[in-house]
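# Architecture and fold: a report
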Amino acid sequence: MAEGGDRTEQTTPARPLDPIDRDILRILQTDGRASIRSVAERVHVSRANAYARINRLIDDGVIRGFSARVNHERAGQGASAYITLKIVQNTWRTVREQLQALPGAAHIALVSGDFDVLLLVHTPDNRTLRELVLTRLQSIPEVLSTHTLLVFEETDLDPGPGPGTPPDVEPLQ
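The structure contained in this document is the topic of the report that follows. For every chain, the first residue of its written sequence is number 1, and the numbers climb from 1 along that sequence. Per-residue local features of the predicted model are confined to residues with pLDDT of at least 70, and side-chain atom pairs are confined, for both listing and counting, to 80 or more; whole-chain, interface and lining totals are unaffected and use all residues. To obtain the side-chain values, all non-hydrogen atoms of the structure were used and water was disregarded.

By definition here, a salt bridge exists when the distance from a side-chain nitrogen of Lys or Arg to a carboxyl oxygen of Asp or Glu is within 4 Å. Tallying each qualifying case throughout the model produces 6 salt bridges. Residue Asp-21 pairs with Arg-56 through a salt bridge whose shortest N-O separation is 2.8 Å. Within this pair, whereas Asp-21 is found in helix H1 (residues 19-30), its partner Arg-56 is found in helix H3 (residues 47-59), the two being separated by 35 residues in sequence. With a 1.4 Å probe rolled over the protein chains alone, any residue whose accessible area is under 20% of its type maximum counts as buried; one over 50% counts as exposed, and the rest are partly exposed. Look at Asp-21 and you get buried, because its relative accessible area is 1%. Its salt-bridge partner being Glu-41, residue Arg-37 comes within 3.3 Å of it at the nearest N-O pair. Taken as a pair, Arg-37 and Glu-41 lie in helix H2 (residues 36-43) at a separation of 4 residues, close to a single helical turn. By sharing partners, the salt bridges in this structure join Asp-18, Asp-21, Arg-53 and Arg-56 into a single network. Where helices and strands are cited, they refer to DSSP runs of H or I of at least four residues and of E of at least two residues respectively, numbered from the N terminus.

When DSSP finds at least two bridges between two strands, those strands are taken to pair. Read from one edge of the open sheet, 4 strands run E2-E3-E1-E4, paired in antiparallel fashion. Two strands in the sheet have a free side with no partner beyond their single neighbour: strand E2 (105-110) and strand E4 (143-151). Strand after strand, the sheet turns through a mean of 20° between neighbouring axes, direction not considered. Inspection of the sheet shows strand E1 (residues 79-87) paired to strand E3 (residues 117-123) by 7 bridges, in the antiparallel sense. Its bridge partner being in E3, Ser-80 is matched across the sheet by His-122. Axes here mean lines fitted to C-alpha atoms, for a helix over just the part in contact, with angles spanning 0 to 180 degrees between N-to-C directions.

This paragraph deals with the side chain of Arg-53. Assignment of secondary structure puts Arg-53 in helix H3. Two N or O atoms form a polar contact when they lie within 3.5 Å of each other; inside protein one atom must be a possible hydrogen donor and the other a possible acceptor, and for residues adjacent in sequence the pair counts only when both atoms belong to side chains. Of note is the side chain of Arg-53, whose polar atom sits 3.0 Å from the side chain of Asp-18. A polar side-chain atom of Arg-53 sits 2.8 Å from a polar atom in the side chain of Asn-49. Not counting residues up to four positions away in its chain, the partners in contact with Arg-53 are Asp-18, Ile-20, Asp-21 and Ile-24. Whether two residues touch is decided by their heavy atoms; if any such pair falls within 4.5 Å, the residues are in contact.

Quick look at the structure:
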């Protein structure tokens, strides 16, 4: 399932998660390919219970999808940058749609502070990054200004066991 594949509307109130649900989420964040059997054994429930819980988490929109963590440099995307954008007030939805269509856009966030939007992009090289910023981004009418922060090195953090996680619920290696 692709990231962002919500099955429910966001207006539905979220059901509270119990410790078993949180343990299941931690396991799947560490290894999205973990089998139902493995998850069930690690959280000490039946396979049917684990299956039902995972499906409920998907149906409730808690789990938005399953994806691979990519080494962007090895995948031919050697240049990465965080780009801050100031945009015209009340144009977030329009700008978001245009940013989603950009090649290499990996994460988009509406934020508070000195700028309005934080955009993470991965491109093959600095020339492509330059083209993306100077031609594509700055030609969006609602974008007032941009500021580019080059990424020299990045590390994805594993969710790891959280507070209150039983010692026998360890991340898969």
